[in-house]
Amino acid sequence: MSGHSNWPEWIYVAVVIALMAWVGAEAWNAERIIEHIPEGAEVIKVTGQQWFWTFEYEDGTKTIGDLYVEVGKAYKFEIRSKDVIHSFNIHDYVVLMDAVPGRVNTVWFAPDAVGEHDIQCREYCGLIHYNMRGTLHVEEPST
Amino acid sequence: MVLELAKPRPIWQIMFSTHHTDIGLLYLITSLAFLFLGGSLALAIRIELFLPNVEGAGQLIADSMTFNRIFTVHGTTLIFLFIIPFASAVGNYFVPIMVRYKDMAYPKLNAIAFWMIPPAAALVWLGFADFTWYAQPPYSIISAPGPAADMWIFGLKILGVSSVLGAINFVITILKCKHPDMSIGQVPLLAWSFLVTSVIIIVAIPTFAAALLMLLTDRLGVSGFFNPAMGGDPIAYSHLFWFTFHPEVYVLVLPAIGMMYEIIPRFSRKPIYSYNSGVFAFVMLALVAFSSWGHHMFATGMSFTEKTVFMVGTLAAVPASAMHVFNFIATMWNGRIKFATPMMWAVGGIALFFAAGAGGVVNSAMPLDFSTHDSYWVVGHFHLFVMGTIAFASIGFVYYMFPYVTGRMYNETAGKIHFFLSFVGTILVFFTQHVLGLYGMPRRIYDYPPIPEWIAMNQIASVGAMIIGVSMAIFLVNIIYSSSKGKLADIHDPFGLGGKYYYPFEAKNPHH
Ligand code: HEM
Ligand SMILES: [Cu+2]
Ligand SMILES: [Cu+2]
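Cut-offs and rules
- Residues numbered from 1 in each chain as written.
- Chains lettered and ligands numbered in written order.
- Predicted model: local features only at pLDDT ≥ 70, side-chain atom pairs only at ≥ 80, totals over all residues.
- Heavy atoms only, no water.
- Helix = DSSP H or I, 4+ residues; strand = E, 2+ residues; numbered from the N terminus.
- Buried < 20%, exposed > 50% of the residue type's maximum accessible area, 1.4 Å probe, protein only.
- Areas by Shrake-Rupley, 256 points an atom, 1.4 Å probe, with all protein chains shown as cover.
- Lys, Arg positive; Asp, Glu negative; His and termini not counted.
- Charge placed at Lys NZ, Arg CZ, Asp CG, Glu CD.
- Rg over C-alpha atoms; globule rule 2.2 N^0.38 Å.
- Contact = heavy atoms within 4.5 Å.
- Patch = residues over 30% accessible without salt bridge, like charges linked within 9 Å, V, L, I, M, F, W, Y side chains within 5 Å.
- Salt bridge = Lys/Arg side-chain N within 4 Å of Asp/Glu carboxyl O.
- Buried area = accessible area lost by both parts, 1.4 Å probe.
- Polar contact = N/O pair within 3.5 Å; in protein donor to acceptor, adjacent residues only side chain to side chain.
- Donors = N, O, S within 2.8 Å, 3.2 Å for Na, K, Ca; no water.
- Pairing = 2+ DSSP bridges.
- Axes fitted to C-alpha atoms, helices over the stretch in contact; angles between N-to-C directions.
- Core = buried A, V, L, I, M, F, W, Y, C linked by side-chain atoms within 4.5 Å.
- Domains from an automatic or database assignment.
- Near = heavy atom within 4 Å.
- Nonpolar A, V, L, I, M, F, W, Y, C, P; charged D, E, K, R; others polar.
- Phe/Tyr/Trp six-rings, centres within 6.5 Å; stacked < 30°, edge-to-face > 60°.

Considerations on the overall build of chain A
Part 1: Helix and strand counts for chain A stand at one helix and 10 strands.
Part 2: In chain A, the succession of helices and strands from N to C terminus is α-β-β-β-β-β-β-β-β-β-β.
Part 3: Projecting the C-alpha coordinates of chain A onto the three principal axes gives extents of approximately 75 × 40 × 25 Å.
Part 4: Among the 143 residues that make up chain A, the fraction classed as buried is 48%.
Part 5: Of the roughly 7100 Å² that chain A leaves accessible, carbon and sulfur atoms contribute 57%.
Part 6: Taking the average place of the 10 positive charges on the side chains of chain A and the average place of its 21 negative ones, the gap between the two points comes to 8 Å.

If you want it as structure tokens, here you go:
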């Protein structure tokens, strides 16, 4: 053990702590804003089961594998599972939420451009987990 | 002296011994065997993912079930049958010497703890379960095929008990058996890492042990703790699991840091920059290890408040980790460094430790985690720890102990080539996997759609894995050949560094 002074290390530790405090504060603030679900978002019920996704829209229609939304609108997903845990993921829009049997998890998004994006399962769910995929179709507003 | 190969002994003398260096040798050989076995599974995974399966191309593994079993056993093997037993090997050789005691506190218990590993390993390997290394219900209850799943559960149960027995032994050896003239503040940092690690094990493991039992009875259908069809909650399992296994990641990494604390000052020919801050950072990590398990569960539907608490708890671990890095660099600063093989592995490991920690901060910032969670980013993140940091420190330590264990020197050039290839390979595989995660590739998939970026990144990663494979073959040949044909080592200073080594020279084997 040495008696030399250790101030460089304390400065270094202080810098790291400050950096972490900054990262934490930014993350807290961003998450707070992101999680705020806008009023009047259209509800889409998403159900995961081995090994496909079912989408039920507000008007009661259902689609399997393909999800149809309109550009400029906000959507709230209510995510359920019928068997094991899955994870509903539209990577291009950073939509990621586990589908847990016995629970309803929510997440929202608002597509900002017409186009197609991949939907996939991001939680291991067995045999065909690797191909539990779908497509998001963002279309022009119907009106 | 306990020079194993320079003075051969019949194998049963080592197997039935309770002496700490013999148990250390058993742990050492077992753990290295599983490093190579588990590593081969990784190569199979990487070959399979080199190309997507378009029209028959790129198929090494015939079906996804086999693939799922392979990555499950790969992870289980390297964590529980390589990293942990390897740390026990080092602890057995060095801790009694460092606290100046004749053996471990309870030699028979020590032997029992070791001999629980082979049956557990047999259960894991003969079963070949498919439910990933965290056996998440309800999949593990309603979907995972038996008897593989049940064998895995029993195997892990045994390994947990073995690890707790080992931990009790280390705590007593260090606290109660250290030489009366020695204060706790004089115990070398390597031994400190075992003290802290053992305390974490004793506090953390029982939770998972309970969860495993509940999982088993759920599988048998007599309970429904984690089965929603019977009113249970699978997320409860996640909490129990991660309450054990986030602290467990420090159980894996702290002995590796301890090994670096042994190598870095010795090969820099300077005392450690600050012993006190090393101890402080160890103790801090043990405490904050318990405040962050929820960062594995951000996407399970946690409330904003829960996520915030666990994010803060996770970020709290960063300063203490960073203190170790500072300590290493400050020790090397102005040192007369000798870049022999063990030193290269240690320094490479520190560089990768830093990179791994930086990636971890990204995971913990909650909005970013929704990009990285359960993608290949996470695979890259923790492999920079388990491979880049822990395996690097461990392999460096194999080279460091080699002259003591065998009485001979390994081939230095081959050791350096091994390092360079592994270092390049590790960067190619695991940095690339971070990028793959950002492109959105989920982990644990047998096949993927032919997205050009995914193909490119997967190919780089697979080439990197091959490079690591080649380097490990060189390693294997080097240690096998050198242990019988290498040139005799100057056992009192094999690396020509001067100073006193903690090799267990004086340790007298009662069986001799
Ligand atoms: C600087 C300190 C660290 C931070 C900030 C950190 C952060 C994180 C976070 C937030 C996750 C969750 C990622 C996700 O699933 O979305 C994670 C996963 C993981 N980390 Fe770390 N980590 C750190 C250190 C370590 C260490 C030292 C180890 C191992 C020795 C480790 C091993 C793991 C493992 C094994 C996983 C993934 C487990 C799995 O999902 O299979 N981490 N880390
Ligand atoms: Cu899945
Ligand atoms: Cu963790």
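Read on, since the account is not over.
Points about the overall build of chain B
Part 1: Along its length, chain B carries 17 helices and zero strands.
Part 2: Taking 24 Å as the expected radius of gyration for a compact globule of 512 residues, we find that chain B reaches 22 Å, a close match to that expectation.
Part 3: Each principal axis of the C-alpha distribution contributes one length, and for chain B these read about 60 × 45 × 45 Å.
Part 4: The buried share among the 512 residues of chain B stands at 65%.
Part 5: Across chain B, contacts joining residues at least 24 apart in sequence account for 82% of those joining residues at least 6 apart.
Part 6: Total accessible area computed for chain B in this model is approximately 17600 Å², and 73% of it derives from carbon and sulfur atoms.

Here's the deal with a nonpolar patch on the surface
Residue and element names in this part refer to chain B.
Part 1: There is a patch of nonpolar side chains on the surface, built from I11, W12, M15, F16 and W115 and spanning about 580 Å² of accessible area.
Part 2: Broken down by element, the residue count for the nonpolar patch peaks at three residues, all from helix α1 (residues 11-15).
Part 3: For W12, the location among the structural elements is in helix α1.
Part 4: Residue classification places W12 among the exposed residues on the basis of a relative accessible area of 51%.

Description of the interface of chain B and chain A
Accessible area lost during the coming together of the parts is what is often quoted as the interface size.
Part 1: Counting residues at the interface gives 62 residues for chain B, matched by 46 residues for chain A.
Part 2: When the two sides are added together, the surface that chain B and chain A hide from each other amounts to roughly 4300 Å², 64% of it contributed by carbon and sulfur.
Part 3: Sorting the residues of chain B by area buried against chain A places Y273(B), F304(B) and F370(B) first, and these three jointly supply 14% of that buried surface.
Part 4: Connecting chain B to chain A are three salt bridges.
Part 5: Measuring nitrogen to oxygen at the nearest pair gives 2.4 Å for the salt bridge that ties E35(A) to K307(B).
Part 6: Where chain B touches chain A, the interface holds 17 residue pairs in polar contact (both at pLDDT 80 or more).
Part 7: Looking at the side of chain B that touches chain A, the elements with two or more residues in it are α3 (64-98), α6 (139-143), α9 (234-268), α10 (275-288), α11 (304-315), α12 (317-332), α14 (366-372) and α16 (412-438) of chain B.

Comments concerning the coordination of the copper ion (ligand 3)
Residues and elements named next belong to chain B.
Part 1: Ligation of the copper ion (ligand 3) by protein atoms is provided by H246 (ND1), H295 (NE2) and H296 (NE2), these donors lying 1.9 to 2.0 Å from the ion.
Part 2: Sequence positions of the residues that donate to the copper ion (ligand 3) give the spacing H-x48-H-H.
Part 3: Distance-wise, the iron atom of ligand 1 is placed 4.4 Å from the copper ion (ligand 3).
Part 4: Using a relative accessible area of 15% as the deciding quantity, one classes H295 as buried.

Re the coordination of the iron atom of ligand 1
Part 1: Inspection of the coordination sphere of the iron atom of ligand 1 shows a single protein donor, H381(B) (NE2), at 2.2 Å.
Part 2: Here H381(B) shows up in helix α15 (residues 376-406).

What about the sheet that holds strand β1 (residues 42-49) of chain A?
All names here are of chain A.
Part 1: Sheet architecture is open: five strands sit in the order β3-β2-β1-β5-β8, paired in mixed fashion. The sheet is open, and its two borders are formed by β3 (62-64) and β8 (105-109), each paired with just one other strand. If you compare each strand with its neighbour and ignore which way they point, the axes differ by 25° on average.

Some points on the nonpolar core
Part 1: Counting 218 residues, the largest nonpolar core has L67(A), F77(A), F88(A), F94(B), W152(B), F397(B) and F495(B) as its most contacted members.
Part 2: Residues from two domains meet in this core; each of domain 1 (1-36) and domain 2 (42-139) of chain A gives at least three.
Part 3: Leaving out residues up to four positions away in the same chain, F88(A) has contacts with V46(A), W53(A), F55(A), L67(A), F77(A), I79(A), V95(A), L96(A), M97(A), I119(A) and Q120(A).

A short note on the domain arrangement of chain A
Part 1: Split into domains, chain A comes out as domain 1 (1-36) and domain 2 (42-139).
Part 2: With centres defined by C-alpha atoms, the gap from domain 1 of chain A to domain 2 of chain A works out at 36 Å.

Digging into the environment of G127(B)
Residue and element names in this part refer to chain B.
Part 1: Tracing the backbone through its elements, the reader meets G127 in helix α5 (residues 117-127).
Part 2: Along the sequence, G127 and P147 sit 20 residues apart, while their C-alpha atoms lie 6.7 Å from each other.
Part 3: Residues in contact with G127, not counting those within four places in the same chain, are R69, A122, A148 and M151.

Structural notes on the site of ligand 1
All names here are of chain B.
Part 1: Every one of the 22 residues lining ligand 1 counts as a neighbour, but W133, D369, H373, H381 and R443 are closest to it.
Part 2: Taking D369, its side chain carries an N or O atom lying 2.5 Å from an oxygen atom of ligand 1.
Part 3: If you list the elements that add at least two residues to the shell around ligand 1, you get α9, α13 (341-364) and α15.
Part 4: For the shell around ligand 1, the class distribution of residues is 10 nonpolar, nine polar and three charged.

Brief notes about the side chain of H246(B)
All names here are of chain B.
Part 1: Counting through the fold element by element, H246 comes out in helix α9.
Part 2: Of the residues examined, H246 reaches a relative accessible area of 6% and is grouped as buried.
Part 3: Those residues in contact with H246 that sit more than four places away from it in its chain are A289, S292, W293, H295 and H296.

Quick look at the pattern of salt bridges
When charged atoms on two side chains of opposite charge get close, those side chains can pair.
Part 1: The full count for this structure, using the stated rule, is 11 salt bridges over all chains.
Part 2: K307(B) is paired through a salt bridge with E31(A); the nearest N and O atoms lie 3.3 Å apart. Here the residue K307(B) occupies a position in helix α11, and E31(A) occupies one in helix α1 (residues 7-34), the pair thus bridging two chains.
Part 3: Judged by its relative accessible area of 3%, K307(B) falls in the buried class.
Part 4: A relative accessible area of 3% places E31(A) in the buried class.

Some remarks on the sheet that holds strand β10 (residues 134-139) of chain A
All names here are of chain A.
Part 1: Read from one edge to the other, the open sheet built from five strands follows the order β4-β10-β9-β6-β7, with strand pairing classed as mixed. Strands at the two margins of the open sheet, each flanked by one partner only, are β4 (66-70) and β7 (95-99). Ignoring strand direction, the axes of neighbouring strands in this sheet form an average angle of 20°.
Part 2: Pairing analysis gives two bridges linking strand β6 (residues 86-90) to strand β9 (residues 115-121), with the strands arranged antiparallel. Looking across to β9, one finds that N89 is bridged to Q120.

Regarding the packing of aromatic side chains
Part 1: Considering all chains together, one arrives at 58 aromatic pairs over all chains under this definition.
Part 2: Relative to F326(B), the ring of Y12(A) lies with its centre 4.8 Å away and its plane at 35°, an arrangement referred to as tilted. Here Y12(A), found in helix α1, pairs with F326(B), found in helix α12, and the two come from separate chains.
Part 3: With a relative accessible area of 24%, Y12(A) lands in the partly exposed category.
Part 4: Ring geometry for Y124(A) versus F71(B): centroids 5.7 Å apart, planes at 85°, classification edge-to-face. A residue pair is termed interchain when its members come from two chains, as with Y124(A) in the loop between β9 and β10 and F71(B) in helix α3.
Part 5: Overall, the relative accessible area of 7% leaves Y124(A) in the buried class.

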